[in-house]
Amino acid sequence: MLWREKLCLTVALNILFWSALFFLSRHALFRPHPLPMTWLDDWAGFRPYPWAWIYESNFLLVGVLPWLINFP
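A few points on the structure.

Calculation criteria
Residues numbered from 1 in each chain as written. Predicted model: local features only at pLDDT ≥ 70, side-chain atom pairs only at ≥ 80, totals over all residues. Heavy atoms only, no water. Helix = DSSP H or I, 4+ residues; strand = E, 2+ residues; numbered from the N terminus. Areas by Shrake-Rupley, 256 points an atom, 1.4 Å probe, with all protein chains shown as cover. Lys, Arg positive; Asp, Glu negative; His and termini not counted. Charge placed at Lys NZ, Arg CZ, Asp CG, Glu CD. Phe/Tyr/Trp six-rings, centres within 6.5 Å; stacked < 30°, edge-to-face > 60°. Buried < 20%, exposed > 50% of the residue type's maximum accessible area, 1.4 Å probe, protein only. Patch = residues over 30% accessible without salt bridge, like charges linked within 9 Å, V, L, I, M, F, W, Y side chains within 5 Å. Salt bridge = Lys/Arg side-chain N within 4 Å of Asp/Glu carboxyl O.

Okay, the overall build of the protein next. A tally of regular secondary structure across the protein gives 4 helices and 0 strands. Starting at the N terminus and ending at the C terminus, the protein contains elements arranged as α-α-α-α. A principal-axis box enclosing the C-alpha atoms of the protein has dimensions of 50 × 30 × 20 Å. In the structure as shown, the protein presents an accessible area of about 7,100 Å², 74% of it carried by carbon and sulfur atoms. On the protein, the mean spot of the 5 positive side-chain charges and the mean spot of the 4 negative ones are 10 Å from each other.

The structure is reproduced here in structure tokens:
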């Protein structure tokens, strides 16, 4: 239902999201500074295998979210 509106919203959200993401990845709003390591960082370590997929799965919501909206 209302697939044209949802398709337009999907395209608009993708353009806005990716434009902002790419802009902010190239242009920092603040000067970056290193953070000190804490005991929690040492305890957790760096294990990207399961968590990288979970993090990247959030990008799927950008394309799926407009199709889940119920218009009145």
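Now that the structure has been shown, the text picks up again.
Okay, the packing of aromatic side chains next. Inspection of the entire model under this criterion finds 5 aromatic pairs. Ring geometry for Phe17 against Phe59: centres 5.9 Å apart, planes inclined by 65°, an arrangement best described as edge-to-face. One end of the pair, Phe17, is in helix H1 (residues 3-26); the other, Phe59, is in the loop between helix H3 (48-57) and helix H4 (60-64), and 42 residues separate them in sequence. Judged by relative accessible area, which is 28%, Phe59 ranks as partly exposed. When the centroid spacing of 5.9 Å and the interplanar angle of 35° are considered together, the rings of Trp18 and Phe22 count as tilted. Taken together, the residues span about one helical turn, with Trp18 and Phe22 both in helix H1 at a distance of 4 residues. For Trp18, a relative accessible area of 28% corresponds to the partly exposed category.

Quick look at a nonpolar patch on the surface now. A cluster of nonpolar side chains, namely Trp3, Leu7, Val11, Ile15 and Trp67, defines an oily patch on the protein surface of about 510 Å² accessible area. Looking at the element boundaries, Trp3 is found in helix H1.

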